[in-house]
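Below are the chains, spelled out letter by letter.
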Amino acid sequence: MSLPSTEVQDSGAREGAGILESRLTGLGREEFARDVWGRTASLTRGASGFADVFSPSAVDELVSRRGLRTPFLRVAKDGATLPSSSFTAPAGVGATVADQLDDTALWRAFADGATLVLQALHRTWEPVADLVSGLSAELGHPVQANAYVTPPQNRGFDAHYDVHDVFVLQIEGAKRWVIHEPVLPDPLRDRPWTDHRAAVADRAAHGTPHLDTTLRPGDVLYLPRGWLHSAQAQGQVSIHLTLGVHAWTRYTLAEQLTRAALAALGDDPAMRRPLPLAERATNGPNEPGGSNGPDGADGILDLVREHLLAAVAEADPAPLFHRARRSQARPAPLGPVAQLAALSGLTTTSLVRLREALEPRLEGTRLHTRVGYLDFPASDLVPVARLLDGRVRTAGDLGLALAGRLLRAGVLVPADR
């Protein structure tokens, strides 16, 4: 079967475009949303050069010089994950924590055919962090990044599906990918492929692949959650980045709506009353204590259903939804030394801006962000609202006292950072 495939010809013509168009798919955000997002696999040949994002030397530095600990790395071989004790050890005087990566053990495992999985690279490698932060802002969904480093002719995992969408960015070498359509479309996060292991194995073994292709440096493969995939390195070491998009779903919104409704029911005296004592066998079905009476099981169930439906109809899930969104990602990095210098040297001409990726939301007199909330007097609301456009301001424009408070809270940062 064929699948959408794009070949990027002129990266210069896409200057100023978003990450989706300029680096990943060659498609604008609207076109990607209409034709690809959550619908089908998509392959883009020569999407971008990724040497500025990740490289073989980055792998070596992370493994041997950064003092990484589990779970920032997993090791897999022949479809199974190796125990962390087989590649971790204390690192000597002053670094005796026992779960640090042991580069010698990792080298031996790698030479023996194991795949190294560097996890949460958006926390440990700045260029990847910048790419992930920009893509998350563009998509409106949380994004994380892993790197898979596979020796020649080896594979890390059997055919499986992920419960999040992925962009696969081939960094080094070549890797053959075999893709099959889902056995469970759009799986939720609590429905992993292991719950459907037999169906997955059967589809991978006997089904016709939707795609069987080899990715080379600069190629990008997009897979919606649920699409089966397996991959094997070819004649040299293969390195690819997987950007995992943890999409918010209608089910997620339903969860927030239900929680808001249940919170409202907690303020309803009728819902806080106890259930009656056990029914007596002598009561008829329509007597006060019977199952069909107003105080019986059926009557109470009807009452609860009526109040619940009314609460759902009136509930506002937005505060809970935005709180959940804020909790799923981190704001831009904040250096304590530079921040203190900015606070100590603050003058009316100091340039400041809102810290990136805060997910700010002003509700009444309260500003909610990923680093907590702040309450403001009415006199501060206008300058606080102006900050939310992300533009650079002077501390004098905001007022020195307000600028200082926001710097101390980690909401503002110096504009030169």
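Here's what I pulled together on the structure shown here.

Rules used in this analysis
Residues numbered from 1 in each chain as written. Predicted model: local features only at pLDDT ≥ 70, side-chain atom pairs only at ≥ 80, totals over all residues. Heavy atoms only, no water. Helix = DSSP H or I, 4+ residues; strand = E, 2+ residues; numbered from the N terminus. Buried < 20%, exposed > 50% of the residue type's maximum accessible area, 1.4 Å probe, protein only. Contact = heavy atoms within 4.5 Å. Areas by Shrake-Rupley, 256 points an atom, 1.4 Å probe, with all protein chains shown as cover. Lys, Arg positive; Asp, Glu negative; His and termini not counted. Charge placed at Lys NZ, Arg CZ, Asp CG, Glu CD. Core = buried A, V, L, I, M, F, W, Y, C linked by side-chain atoms within 4.5 Å. Pairing = 2+ DSSP bridges. Axes fitted to C-alpha atoms, helices over the stretch in contact; angles between N-to-C directions. Salt bridge = Lys/Arg side-chain N within 4 Å of Asp/Glu carboxyl O. Parallel < 35°, antiparallel > 145°, perpendicular 65-115°, else oblique. Left-handed = near helix turned anticlockwise from the far one by under 90°. Nonpolar A, V, L, I, M, F, W, Y, C, P; charged D, E, K, R; others polar.

**Observations concerning the overall build of the protein chain**
Line of reasoning, step 1. For the protein chain, the helix and strand inventory stands at 15 helices and 20 strands.
Line of reasoning, step 2. Overall size of the protein chain, expressed as C-alpha extent along the three principal axes, is 80 × 70 × 55 Å.
Line of reasoning, step 3. For the protein chain, with 417 residues in total, the buried portion stands at 44%.
Line of reasoning, step 4. Residue pairs in contact within the protein chain that sit at least 24 positions apart in sequence constitute 78% of those at least 6 positions apart.
Line of reasoning, step 5. Accessible area for the protein chain stands at about 21600 Å²; split by element, carbon and sulfur atoms hold 52% of it.
Line of reasoning, step 6. Charged side chains of the protein chain number 43 positive and 48 negative; the gap between the two group centres comes to 4 Å.

**Describing the nonpolar core**
Line of reasoning, step 1. Phe54, Leu118, Leu121, Phe167 and Leu169 are the most contacted members of the largest nonpolar core, which has 46 residues in total.
Line of reasoning, step 2. In terms of residue count, the dominant contributor to this core is helix H6 (residues 126–139) (five residues).
Line of reasoning, step 3. Membership of the second largest hydrophobic core comes to 18 residues, among which are Leu343, Leu402, Ala403 and Leu412.

**Looking at the side chain of arginine 325**
Line of reasoning, step 1. Mapped onto the fold, arginine 325 is located in helix H11 (residues 318–327).
Line of reasoning, step 2. Excluding residues within four positions of it along the chain, arginine 325 makes contact with Gly140, Trp248, Glu359 and Arg370.

**Side note on the sheet that holds strand S17 (residues 366–369)**
Line of reasoning, step 1. Read across the sheet, three strands follow the order S16-S17-S18 without closing on themselves; strand pairing throughout is antiparallel. If you trace the sheet from one side to the other, it starts and ends with strand S16 (361–363) and strand S18 (372–375), each paired once. Between one strand axis and the next, the sheet turns by 20° as a mean value, whatever way the strands run.
Line of reasoning, step 2. Note: S16 against S17, three bridges, orientation antiparallel. In the sheet register, leucine 362 faces S17, and the bridge partner there is leucine 367.
Line of reasoning, step 3. Lying over the sheet, H11 contacts S16 and S17, oriented at roughly 150° with respect to S16.

**So, the pattern of salt bridges**
Line of reasoning, step 1. One pass over the full model with this rule turns up 15 salt bridges.
Line of reasoning, step 2. Across the salt bridge formed by arginine 361 and glutamate 363, the nearest N and O atoms sit 2.6 Å from each other.
Line of reasoning, step 3. Across the pair arginine 393 and aspartate 389 runs a salt bridge whose closest N-O atoms are separated by 2.6 Å.
Line of reasoning, step 4. Here the salt bridges do not stand alone but share partners, grouping Asp389, Arg391 and Arg393 into one network.

**Side note on the sheet that holds strand S15 (residues 351–354)**
Line of reasoning, step 1. The antiparallel open sheet is built from three strands, whose spatial order is S19-S15-S20. The outermost strands of the open sheet, each flanked by one partner alone, are strand S19 (393–394) and strand S20 (412–414).
Line of reasoning, step 2. With two bridges connecting them, S15 and S19 associate as antiparallel partners. Following the sheet pairing, leucine 351 is matched in S19 by threonine 394.

**Re the pairing of strand S3 (residues 73–77)**
Line of reasoning, step 1. With four bridges connecting them, S3 and strand S7 (residues 115–118) associate as antiparallel partners. What sits directly across from leucine 73, in S7, is leucine 118.
Line of reasoning, step 2. The pairing of S3 with strand S4 (residues 80–81) spans two bridges and is classified as antiparallel. Paired with lysine 77 across the bridge in S4 is alanine 80.

**So, the packing of helix H8 (residues 250–265) against helix H10 (residues 297–314)**
Line of reasoning, step 1. Contact pair H8 / H10: the axes reach a minimum separation of 8 Å and the direction vectors enclose 120°. Taken together, the axes of H8 and H10 lie oblique to each other. Where H8 crosses over H10, the handedness of that crossing is right-handed. Of H10, the residues touching H8 (which contributes Leu257, Ala261, Leu262 and Leu265) are His307, Leu308, Ala311 and Val312.
Line of reasoning, step 2. Residue composition of the contact of H8 with H10, grouped by class: seven nonpolar, one polar and no charged.

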